[in-house]
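So the chains spell out like this:
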Amino acid sequence: MSAWFEMLLRGVLVTLGGSAVLSLYRLVRGPSLPDRVVAMDLISLQFVGAIAAYAVLSDVPGLLNVAMVLAIISSLSTIAIARYLFTGDTEVGGEEEES
Amino acid sequence: MREYITAFFLVFGTLGMLLAGLGMVRLPDLFMRMQATAKAATIGLGGLLGGAMVAMWSRSVVALVLLTLIFTFAIIPVAAQLIARAAFRMGVPLWERTRENDLIRKKPSRTRPFID
């Protein structure tokens, strides 16, 4: 592995961490619950990408198993939370219940 | 040569992920932010996992990456659509300069319609 390639991989990891911080801003700040769900989904997808880049950096192909499981779990949990929000009684702004 | 192809894929995917993060901060509305995550995160994940596939070119790695990419590309738009439907029904407010809201005429929602 040449030197510029290793520096580029470290830059990729730093940039992914920065974009995860940008998503974390929305997770903390987001005014409603679906905002936080979308932000959490995006953070886990960015971590999947970071795990792939780190697998290239450390030359361990077994880390891609972790990436696959994390991607599947995050997407399916987003679908589960969407079902919960669709059938639940959560609402924004405290207006009256309608059928 | 393989390092150059890997670098191209990784930079492409990283720029996609950075674009998704910037969209999460800068866009004014839940539905627009969902646009940013569903597209840019799909492109970014495809670029990063494709870079890993090119860098470690063996049969098991290619199979694993292709499995992850197929599953992810199938699931992410479905999840975005389900979250958008639940949010619309919950009444998450739209951007105040939204002009078109056709779904409010057909679906019951608590969203403020912005139609005079």
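Residues numbered from 1 in each chain as written. Chains lettered and ligands numbered in written order. Predicted model: local features only at pLDDT ≥ 70, side-chain atom pairs only at ≥ 80, totals over all residues. Heavy atoms only, no water.

### Things to note about the side chain of A:Arg26
Within the element layout of this structure, A:Arg26 appears in helix α1 (residues 3-29). In terms of polar contacts, A:Arg26 uses its side chain to reach the backbone carbonyl oxygen of B:Val25, at 3.2 Å. (Helix = DSSP H or I, 4+ residues; strand = E, 2+ residues; numbered from the N terminus. Polar contact = N/O pair within 3.5 Å; in protein donor to acceptor, adjacent residues only side chain to side chain.)

### Overview of helix α2 (residues 30-55) of chain B
Here α2(B) is 26 residues long and its end C-alpha atoms lie 36 Å apart, about the 38 Å a rise of 1.5 Å per residue gives. The element α2(B) is largely enclosed, with a buried count of 20 among its 26 residues. (Expected span 1.5 Å × (residues − 1). Buried < 20%, exposed > 50% of the residue type's maximum accessible area, 1.4 Å probe, protein only.)

### Focus on the pattern of salt bridges
Summed over all chains, the structure comprises two salt bridges over all chains. We note a salt bridge from A:Arg10 to A:Glu6, for which the minimum N-O separation is 3.2 Å. Note that A:Arg10 and A:Glu6 are positioned in helix α1 at a spacing of four residues, about one turn of the helix. Taking the relative accessible area as the measure of exposure, A:Arg10 reaches 42% and is therefore partly exposed. Overall, A:Glu6 belongs to the partly exposed group, its relative accessible area being 30%. Between B:Arg33 and A:Asp35 there is a salt bridge whose closest N-O contact spans 2.5 Å. Placement of the pair is B:Arg33 in helix α2 and A:Asp35 in helix α2 (residues 33-58), with the two residues belonging to separate chains. Residue B:Arg33 is classed as buried on the basis of its relative accessible area, which comes to 5%. A:Asp35 sits in the buried class, given a relative accessible area of 2%. (Salt bridge = Lys/Arg side-chain N within 4 Å of Asp/Glu carboxyl O.)

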